[in-house]
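Below are the chains, spelled out letter by letter.
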Amino acid sequence: MVAAQLKALGVEPGGVLLVHTSFSRTGPVEGGPEGLIGALRAALGPDGTLVMPSMTDDDEFPFDPNQTPCRGMGVVADTFWRMPGVLRSDSPHAFAASGPRAAEVTAPHPLDVPHGPDSPVGRVLDLDGQVLLLGAEQDSNTTIHLGEWLAGVRYRRPKTLAVLKDGVPAVFHYAEIDHCCQRFALVDEWLDAHERQRRGQVGRAVSRLMRSRDVVATVVEHLRADETAFLHPFGVDEECDDARASLG
Ligand SMILES: [Zn+2]
């Protein structure tokens, strides 16, 4: 049932599929989160690769790919990395993957650029993958951050991560392309204007399917025209204020 809905939406058998989920909107699905993951795998077939975000919820503890939960990404993502045969990158900005390209997608990636070209989302782009928002909104679409990086936006927010340096706890400081992400909703309009995403029912949720390269091309085009398109005006929220202030 759900696998058939995914195929009807346009999920490509044998492809690479990056999925962001909101199970509360999708469910109830037969078999729960595992059942939904099974349906995604069935739609992709044995030659397909399934990818999900798997980052830590808590930057104050060193990341352990075998233990650190990712509840913030939803119950489906937090179920996926624990399943047999699923690989998870060793990074607080982790992604998890299963299928023939999983090792490539989850290979080591730099700490200071979470969603750049040399990251799991960058590899999904290189592999001409699709992005599926399963009941989730564009504000969870990490491929948009890849577009921001490739567009060369200059805004950053200071971040810290707890890491282990030669086994000793340490704090890693870096600056990340970040803001509240609410205005990522604009990407819906931008993609729809060129028929670059498809909508369809999956479980109970209206879902969206798009190509990674279309998301990146659309975002780069709009950000080159207006670097601050995703930032709220000053005074709306702290995240966007920080990002704007970093532009000087
Ligand atoms: Zn904002």
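A brief structural summary. (Residues numbered from 1 in each chain as written. Predicted model: local features only at pLDDT ≥ 70, side-chain atom pairs only at ≥ 80, totals over all residues.)

**Brief notes about the overall build of the protein**
Each helix and strand in the protein was counted, giving 10 helices and 9 strands. The C-alpha radius of gyration of the protein comes to 18 Å, within 12% of the 18 Å expected for a compact globule of 248 residues. Counting every position in the protein, which comprises 248 residues, the buried fraction comes to 43%. Partitioning the contacts of the protein with sequence separation of at least 6, the portion at a separation of at least 24 is 69%. (Helix = DSSP H or I, 4+ residues; strand = E, 2+ residues; numbered from the N terminus. Rg over C-alpha atoms; globule rule 2.2 N^0.38 Å. Buried ≥ 20, exposed ≤ 12 C-beta atoms within 10 Å, placed from the backbone. Contact = placed C-beta atoms within 7 Å.)

**Examining the nonpolar core**
Among the nonpolar cores identified, the biggest contains 61 residues, and Leu17, Val19, Leu40, Val51, Ala96, Ala97 and Leu132 are the most heavily contacted of them. With 6 residues, helix H3 (residues 32-44) is the single largest residue contributor to this core. When residues no more than four places from it in sequence are discounted, the contact partners of Leu17 are Val11, Leu40, Leu44, Gly48, Leu50, Val51, Gly129, Gln130 and Leu132. (Core = buried A, V, L, I, M, F, W, Y, C linked by C-beta atoms within 7 Å.)

**Here's the deal with the packing of helix H8 (residues 186-193) against helix H9 (residues 212-225)**
Between H8 and H9, the shortest axis-to-axis distance is 10 Å and the interhelical angle comes to 105 degrees. Classified by the interaxial angle, the pair formed by H8 and H9 is roughly perpendicular. Of the residues in H9, those touching H8 at Val187, Trp190 and Leu191 are Asp214, Val215, Thr218, Val219 and His222. Residue classes in the contact of H8 with H9 are distributed as 5 nonpolar, 2 polar and 1 charged. (Axes fitted to C-alpha atoms, helices over the stretch in contact; angles between N-to-C directions. Parallel < 35°, antiparallel > 145°, perpendicular 65-115°, else oblique. Nonpolar A, V, L, I, M, F, W, Y, C, P; charged D, E, K, R; others polar.)

**Here we look at H3**
Helical periodicity: at 3.6 residues per turn, an α-helix aligns residues three or four positions apart in one direction. Look at H3: 19 Å from first C-alpha to last across 13 residues, which is about the 18 Å you get at 1.5 Å a residue. If you check which residues of H3 are buried, you get Pro33, Leu36, Ile37, Ala39, Leu40, Ala43 and Leu44. Buried residues along H3 cover an arc of 155 degrees about the axis, so they all sit on one side. Check the buried side of H3 and you find it contacts helix H1 (2-9), strand E1 (16-21), helix H2 (23-26), strand E2 (49-53) and helix H4 (75-80). (Expected span 1.5 Å × (residues − 1). Arc of directions from axis to C-beta.)

**Thoughts on the packing of helix H7 (residues 143-151) against H9**
At their nearest, the axes of H7 and H9 sit 8 Å apart, and the two run at 45 degrees to each other. The orientation of H7 relative to H9 falls into the category oblique. Classified by chirality, the crossing of H9 by H7 is right-handed. On H9, the residues touching Thr143, Ile144, Leu146, Gly147, Glu148, Leu150 and Ala151 of H7 are Ser212, Val215, Val216, Val219, Val220, Leu223 and Arg224. Considering only residue class, the contact of H7 with H9 consists of 9 nonpolar, 3 polar and 2 charged. (Left-handed = near helix turned anticlockwise from the far one by under 90°.)

**Things to note about the environment of Val236**
Within the fold, Val236 resides in the loop between H9 and helix H10 (238-245). With 211 residues separating them in the primary sequence, Val236 and Arg25 have C-alpha atoms 28 Å apart.

**Some remarks on the sheet that holds strand E3 (residues 87-88)**
With respect to topology, 7 strands assemble into an open sheet ordered E3-E4-E2-E1-E5-E9-E8, the strand pairing being mixed. Every other strand in the sheet has two partners, leaving E3 and strand E8 (197-202) as the edge strands with one partner each. Direction of pairing for E2 relative to strand E4 (residues 95-98): antiparallel, over a ladder of 4 bridges. Bridge assignment links Met52 to a residue of E4, and that residue is Ala96. (Pairing = 2+ DSSP bridges.)

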